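Understanding the architecture of this molecule
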Amino acid sequence: MKVYGLQKLTLLDYPEKVACTVFTGGCNLRCPFCHNASLVTKTEGLEEFSDPELFAYLRKRRGLLDGVCVSGGEPLLHPDLPDFLARLRALGYSVKLDTNGCFPDRLKDLVRRGLVNYVAMDVKSSPEHYAETVGIPGFATSEIRRSMDFLLEGHVDYEFRTTVVKGLHDAEILRGAAESIRGAKRYFLQKFVDSGDLVSGSGLSAYSDKEMRGFLNLVAPYVKSAALRGVS
């Protein structure tokens, strides 16, 4: 599987784990606020991490790293992902998968085969506003709903998360997003950060820390645990 980025150490991406993060290329969505535009829209010219190089690093770091986060892009686009995850598990690593939720059958297959230990699924918006938030006119949320329901059933440890962007989200939209995952184990609101590599190019901004705390209070009653990321 082609890997276009490697963060060799993270204490934040995988809850309660010391991990590294690998980044796959390509995505079926075009969220304007996505901070990995180069991975989403085009991968030509990006540096690839060779398979031998990556796995040599992972073998060397056994005992020091607990887990590997597989992010993107959208990892579930790749047909060779199961084999890749199986190799990670064979090395003794716990695996966290980041996904947009568009491929519930592939997600279920990985979980049922024991290839994933933790899933982080994006909740882009309330159901009524999903299309504009993912940048796909007429986008249908049926597959998103199936992925949500599967995770809510508790087959694997998980979290839901929403990146909150001024102009795309407001109080009612976030309330609707939280209501769509009512009873979830964990829900994180993430403060938008302009990486300089956005799909939209420009014009997006973040809410203040105070506003983010207000949003947190709004969504907290719908889930078992709610928290903020990127807020001091």
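Refer to the preceding data block for the structure.
Residues numbered from 1 in each chain as written. Predicted model: local features only at pLDDT ≥ 70, side-chain atom pairs only at ≥ 80, totals over all residues. Heavy atoms only, no water.

Time to look at the environment of Ile 144. Here Ile 144 is to be found in helix α6 (residues 142-152). It is 30 Å that separates the C-alpha atoms of Ile 144 and Leu 46, two residues lying 98 residues apart in sequence. If sequence neighbours within four positions are ignored, Ile 144 has contacts with Asn 100, Gly 101, Cys 102, Met 121, Tyr 130 and Phe 139. (Helix = DSSP H or I, 4+ residues; strand = E, 2+ residues; numbered from the N terminus. Contact = heavy atoms within 4.5 Å.)

Scanning the model with the defined rule gives five aromatic pairs in all. Summarising the aromatic geometry, the rings of Tyr 158 and Phe 160 are spaced 5.4 Å apart at their centres and angled 65° between planes, so their arrangement reads as edge-to-face. Residue class for Tyr 158 comes out buried when judged on its relative accessible area of 5%. With 4.8 Å between their ring centres and 85° between their planes, Tyr 207 and Phe 215 make a pair best called edge-to-face. Its relative accessible area of 11% is what places Tyr 207 among the buried residues. On the basis of relative accessibility, which here comes to 10%, the residue Phe 215 falls in the buried class. Over the ring of Phe 55 we find Arg 87; its NZ or CZ atom is 3.8 Å from the centre of that ring. Arg 229 extends its terminal NZ or CZ atom over the ring of Phe 188, reaching a point 3.6 Å from the ring centre. (Phe/Tyr/Trp six-rings, centres within 6.5 Å; stacked < 30°, edge-to-face > 60°. Buried < 20%, exposed > 50% of the residue type's maximum accessible area, 1.4 Å probe, protein only. Lys NZ or Arg CZ within 6 Å of the ring centre and 35° of its normal.)

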